[in-house]
There are 2 protein chains.
Amino acid sequence: MTVSQRANRPRIHIKATPAWSPKQGEEAGHLMLSPSEQAELGRLAEIVEYRTAKSEILAQGEPANFLYLLVDGVVQACHALKDGQRQIVAFYWPGDLFGLAEQGVYVNTAEAVTPCAVYRFPFRRLEQFLLENPKVQQGFFVKAIHDIRSAQRRTIAMGQLDLPRRLAAFLVDCSGHGRYFDRENAMLSLPMSRYDIADYLGASAESVTRAFALLEKNGLLLRWGPRKLEIKTERMMAFSGTD
Amino acid sequence: MTVSQRANRPRIHIKATPAWSPKQGEEAGHLMLSPSEQAELGRLAEIVEYRTAKSEILAQGEPANFLYLLVDGVVQACHALKDGQRQIVAFYWPGDLFGLAEQGVYVNTAEAVTPCAVYRFPFRRLEQFLLENPKVQQGFFVKAIHDIRSAQRRTIAMGQLDLPRRLAAFLVDCSGHGRYFDRENAMLSLPMSRYDIADYLGASAESVTRAFALLEKNGLLLRWGPRKLEIKTERMMAFSGTD
DNA sequence: CGGATACTTGAAAAGTCTCAATCCGCGTGG
DNA sequence: CCACGCGGATTGAGACTTTTCAAGTATCCG
């Protein structure tokens, strides 16, 4: 882990679909921040880089002092149960916020799936800043609502879809993140392992493999390697129930 | 459904556990609103009452013009899939907000489980009000974060817990809502049917019944009637994995 | 190139679903 | 007030999905 103070910082991009129709001038799928808001927000934060996969960024049960904005890479939020089982609650992609806390304590562990870079905001100062910048706070609010929707979609998938369909929905999801999906050849580079996918889908790794085999048999994808998949996007979406 | 303009309105109570430790003076588990904020917010809203169970409050796919605050009763959010399956995404209890929208359209259908009363806020005016009242907006933000946590807990339950445990967790949840749980006798009055519970837990109604039978056999509850349950709260929490 | 890890496959066991039949409880009308 | 009827709730049996455990194979990284 490296904390950097480099001058040349990436723009603050927060991904979110609004609850209401986007207003004119808004960049599709991203919150709109004015240059000065960008700058001030950026001043609150440090950039931190995690160079290796599986680096732990924050731990379930620890005091929560920071909110994180993922700039580059993929991060997973894991929740450990008493009996040792773990559920991957979410995968985060660039533009996502993470570091969910309850009563001052992190609810999940966040770890790097790939090497990654994050903005790290001290909670207290961020809270103060948001109070003084209602437009920005509204942006964070919209992002929170966006995340509620994602979480609900996931609940629906877990409750109603069988494993092959859940997997299909997951792959469609992954294909929405440009950095790992080459639209040209419909080639998806999965950053995470079968075990991670299994813990995300609430299934065993073996079942995930079997579900992959099924999707391949039905012509929804081709496995060029365990993590190199050619996706038949239309069929995949139709099958998963994702409209 | 009845829209009322009665002068004597209930207080606006929004239930939420904060992400950070509550500050002194905050009412435990509720957002803190000053009397004037209460009054102004109240002025934005209408009170609407739904006198019969199963009344539809808002419908999936319809244009979203209002955000709802549940004052009294129980409401469920149902999501219908293309193939006709339905998932109950959430049950709402007094103090909960509902009416989740995406791009101006409701994502779920909300219907009354019991007769109920709600505050109904026009989105646009509420949005404006929140921009002008950062403290209140922060409150709504905290509520949204609270709801993200609930949704994540649900994901974990769906992914990791078998049906009896999911049911136990659900019952523990229900027992947290005073109006339907008599702490004196540990007697829970379920407002919803087996089918509703099934669609909430992602299971069949028959399986839910069998799970009830199992919990009873193991001494975690007593069924006085299908919807009258004596809960052994400690054992139930221990079993469900709810700390 | 070798070793460790990740992935895949097979077979038996467990959990849940579906379908069908039955039972209960509550509100209605006689 | 009681009998009836209907929807909700329960129970049983067989089918199907997913898990678990065990073994084998591919892949990646040093």
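Everything below is about the structure shown above.
1. Concerning the state of the cysteines
All names here are of chain A. Summed over all chains, the structure comprises 0 disulfides over all chains. Considering cysteine sulfurs only, Cys116 is the nearest to Cys78, which forms no disulfide, with 13 Å between them. Accessibility expressed as a relative area gives 7% for Cys78, which makes it buried. Looking at the unpaired Cys174, the closest cysteine sulfur is the one in Cys78, lying at 15 Å. Judged by its relative accessible area of 1%, Cys174 falls in the buried class.

2. Some details on the protein's contact with DNA strand C
Around DNA strand C, the surrounding shell holds 19 residues, and the nearest of these are Arg194(A), Thr209(A), Leu163(B), Ser207(B) and Arg210(B). Expressed as a percentage, the sugar and phosphate content of the atoms of DNA strand C within 4 Å of the protein is 60%. Residue Ser204(B) places a side-chain N or O atom 3.3 Å away from a phosphate oxygen belonging to DNA strand C. Residue composition of the surface near DNA strand C, by class: 5 nonpolar, 5 polar and 9 charged.

3. Re unusual backbone geometry
Positioned with a positive phi, Ala186(A) is a non-glycine residue whose angle comes to about 55°. Its location among the elements puts Ala186(A) in the loop between β12 (181-182) and β13 (187-189). You can call Ala186(A) buried: its relative accessible area is 16%. Not every positive phi belongs to a glycine, and Lys54(B) is a case in point at roughly 70°. With respect to the helices and strands, the residue Lys54(B) is situated in the loop between β2 (46-50) and β3 (56-58).

4. Here we look at the packing of helix α2 (residues 123-132) of chain B against helix α3 (residues 134-160) of chain B
Residue and element names in this part refer to chain B. With their axes 5 Å apart at the nearest point, α2 and α3 run at an angle of 115° to one another. Seen from α2, the contacting residues are Leu126, Phe129, Leu130, Leu131 and Glu132; seen from α3, they are Pro134, Val136, Gln137 and Phe140. Classifying every residue of the contact of α2 with α3 by side-chain character gives 7 nonpolar, 1 polar and 1 charged.

5. Comments concerning the packing of helix α3 (residues 134-160) of chain A against α3(B)
Relative to each other, α3(A) and α3(B) sit at 20°, their axes nearing to 9 Å. It follows that α3(A) is roughly parallel to α3(B) by the angle criterion. Of the two possible hands of crossing, α3(A) and α3(B) adopt the one that is left-handed. For the contact of α3(A) with α3(B), a count of residues per class yields 14 nonpolar, 8 polar and 4 charged.

6. Description of the protein's contact with DNA strand D
Surveying the vicinity of DNA strand D reveals 17 residues, the closest of which are Ser207(A), Arg210(A), Arg194(B), Arg210(B) and Arg223(B). In DNA strand D, atoms within 4 Å of the protein come from the sugar-phosphate backbone in 57% of cases. Contacts to DNA strand D include Ser204(A), whose side-chain N or O atom sits 3.3 Å from a phosphate oxygen. Take Arg227(B): an N or O atom from its side chain is 3.2 Å from a phosphate oxygen of DNA strand D. Every element with two or more residues in the surface near DNA strand D is listed here: α6 (205-217) of chain A together with α6 (205-217) of chain B.

7. Here's the deal with the pattern of salt bridges
Side-chain pairs of opposite charge can arise whenever the charged atoms involved come near each other. Within the structure shown, the criterion is met by 26 salt bridges over all chains. Glu102(A) serves as the salt-bridge partner of Arg149(B), at 3.6 Å between the closest nitrogen and oxygen. Placement of the pair is Arg149(B) in helix α3 and Glu102(A) in strand β8 (residues 101-102), with the two residues belonging to separate chains. With a shortest N-O distance of 3.1 Å, Arg179(B) and Asp72(B) are connected by a salt bridge. Remark: Asp72(B) occurs in strand β4 (residues 66-72) and Arg179(B) occurs in the loop between α4 (163-175) and β12 (181-182); sequence separation between them is 107 residues. Residue Arg179(B) is classed as exposed on the basis of its relative accessible area, which comes to 55%. Each of Arg86(A), Asp196(A) and Asp199(A) takes part in salt bridges that share partners, so that together they form one network.

8. Notes on the relation of the copies chain B and chain A
With an RMSD of 0.1 Å, chain B superimposes on chain A once it is rotated by 180° and translated 0.0 Å along the axis. Between the two chains, the operation in question is that of a two-fold axis. Mapped onto chain A, 100% of the interface residues of chain B again fall at the interface, so both copies present the same surface.

9. Some details on helix α2 (residues 123-132) of chain A
Those residues of α2(A) that sit buried are Phe123(A), Leu126(A), Glu127(A), Phe129(A), Leu130(A) and Leu131(A). Contacts from the buried residues of α2(A) go to α1 (35-44), β4 (66-72), β8, β11 (116-122) and α3 of chain A together with α3 of chain B.

10. Looking at the nonpolar core
Within soluble globular proteins, side chains that are nonpolar tend to cluster in buried spots. Among the nonpolar cores identified, the biggest contains 102 residues, and Leu41(A), Phe98(A), Phe140(A), Leu41(B), Phe98(B) and Phe140(B) are the most heavily contacted of them. Once you skip the residues sitting within four places of it in the chain, Phe140(B) turns out to touch Phe141(A), Ile14(B), Leu31(B), Leu41(B), Leu67(B), Leu97(B), Leu126(B) and Leu130(B).

11. Some thoughts on the interface of chain B and chain A
Listed as interface residues are 54 residues of chain B and, on the opposing side, 54 residues of chain A. For the pair chain B and chain A, the two sides together bury roughly 4900 Å², of which 60% comes from carbon and sulfur. Sorting the residues of chain B by area buried against chain A places Trp20(B), Phe141(B) and Gln160(B) first, and these three jointly supply 14% of that buried surface. Inspection of the region where chain B meets chain A yields 4 salt bridges.

What counts as what
Just so you know, the residues in each chain are numbered from 1, in the order the chain's sequence is written. Throughout, the order in which chains and ligands are written sets their labels, letters from A for the former and numbers from 1 for the latter. Side-chain atom pairs in this predicted model are given and counted only at pLDDT of 80 or more, local residue features only at pLDDT of at least 70, and totals for whole chains, interfaces and linings cover all residues. Water and hydrogen atoms were dropped before computing side-chain values, which therefore reflect all heavy atoms in the structure. Whenever a pair of cysteine sulfur atoms sits within 2.5 Å, that pair is classed as a disulfide. Only protein chains enter the calculation, and the probe is 1.4 Å; a residue is then buried if its accessible area is under 20% of its type maximum, exposed if over 50%, and partly exposed in between. Any residue with at least one heavy atom within 4 Å of a molecule or strand is counted as near it. Polar contacts, as used here, are pairs of N or O atoms within 3.5 Å; protein pairs need one atom able to donate a hydrogen and one able to accept it. Residues neighboring in sequence count only if both atoms are side-chain atoms. Under the scheme applied, nonpolar residues are Ala, Val, Leu, Ile, Met, Phe, Trp, Tyr, Cys and Pro; charged residues are Asp, Glu, Lys and Arg; polar residues are all the others, including Gly. In this text, helices come from DSSP runs of H or I with a minimum length of four residues, and strands from runs of E with a minimum of two, each type numbered from the N-terminal end. Working convention: axes come from line fits to C-alpha atoms, limited for helices to the stretch in contact. Angles between N-to-C directions cover 0 to 180 degrees. In this description, contact between two residues means that some pair of their heavy atoms is separated by no more than 4.5 Å. Angle categories: roughly parallel below 35 degrees, roughly antiparallel above 145, roughly perpendicular from 65 to 115, and oblique for all the rest. For any helix crossing, the convention is left-handed if the near helix is rotated counterclockwise from the far helix by under a right angle, and right-handed if that rotation is clockwise. A pair is scored as a salt bridge if a Lys or Arg side-chain nitrogen falls within 4 Å of a carboxyl oxygen belonging to Asp or Glu. The atoms used to superpose the copies are C-alpha atoms, taken from residues with pLDDT of at least 70 in both, and the fit is least squares. For our purposes a nonpolar core is just a set of buried Ala, Val, Leu, Ile, Met, Phe, Trp, Tyr and Cys residues, chained together by side-chain atoms within 4.5 Å. A 1.4 Å probe defines the accessible area here, and the buried area is the portion of it lost by two parts on being joined, summed over both.

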